[in-house]
Amino acid sequence: MCVISDAFWRRRFGRNPSVVGQYVDIDAHRFQIVGVTESGFEGGAVQRRFDIQVPMSMAQTLLGVVRDSPKYRWVRLVARLRPGVSA
């Protein structure tokens, strides 16, 4: 499964509202689209934007990095608080 960016959704799928459930391929791996990010959402990476985001469990398959490895330092968590909830 994966989530695609609003920009990728517009560019690749022409804003097709039935994109959820379709598939995209990354390095010969097939991912089902489960959502589209909100317009303007850029993720947690500074100065980098990603068209497709996949679960962390795919790190070894796509990047060759074992999730529990000391080399697994690139992980950043991003969350959006519900309106009215403070940090």
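Rules used in this analysis
Per chain, residues are indexed from 1 in the order of the written sequence. Where local features are concerned, this predicted model is filtered to residues with pLDDT of at least 70; where side-chain atom pairs are given and counted, the filter is 80 or more; whole-chain, interface and lining totals use all residues. With hydrogens and water stripped out, all remaining heavy atoms of the structure feed into the side-chain values. Should DSSP find at least two bridges between two strands, the strands are regarded as paired. The secondary structure listing takes helices from DSSP runs of H or I that are at least 4 residues long and strands from runs of E that are at least 2 residues long, numbered from the N terminus. Cavity and pocket criteria rest on a 1 Å grid covering protein atoms alone: a 1.4 Å probe that fits but cannot get out defines a cavity, protein on both sides within 12 Å along at least 5 of 7 lines defines an open pocket, and an atom within 4 Å of a point defines a lining residue. Grid points are joined across faces, edges and corners, and a volume is the space filled by probe spheres set on the points. Residue exposure (1.4 Å probe, protein chains only): buried if accessible area is under 20% of the type maximum, exposed if over 50%, otherwise partly exposed. Contact criterion: two residues are considered in contact whenever any of their non-hydrogen atoms come within 4.5 Å of each other.

**Student:** Describe the pairing of strand β3 (residues 29-36), naming the residues involved and giving the relevant values.
**Tutor:** With three bridges joining them, strand β1 (residues 2-4) and β3 adopt parallel strand pairing. Its bridge partner being in β3, V3 is matched across the sheet by G35. Relative to β3, strand β2 (residues 23-26) runs antiparallel, the two being bridged by four bridges. Note that in β3 the partner of D25 across the bridge is R30. Following β2, the chain reverses through two residues before pairing antiparallel with β3; D27 in that reversal takes a positive phi of roughly 45 degrees.

**Student:** How would you explain the layout of surface pockets if you had to name every residue and give the values?
**Tutor:** What the second largest pocket holds in volume is close to 180 Å³. What lines the second largest pocket is a set of 15 residues, and nearest its centre among them are S5, A7, F41, R49 and F50.

**Student:** For unusual backbone geometry, give the residues involved together with the corresponding values.
**Tutor:** Positive phi outside glycine occurs at R15, with the angle close to 60 degrees. Tracing the backbone shows R15 in the loop between α1 (6-13) and β2. Exposure remark for R15: the relative accessible area of 47% places this residue in the partly exposed category. In the Ramachandran plot, A28 falls in the positive-phi region, its phi being about 70 degrees despite a non-glycine side chain. Turning to its location among the elements, A28 is positioned in the loop between β2 and β3.

**Student:** Can you lay out the environment of S39 for me, pointing to particular residues and giving the numbers?
**Tutor:** As for its position among the elements, S39 is in the loop between β3 and β4 (52-53). Distance in space between the C-alpha atoms of S39 and A7 is 7.4 Å, their sequence separation being 32 residues. Not counting residues up to four positions away in its chain, the partners in contact with S39 are D6 and R10.

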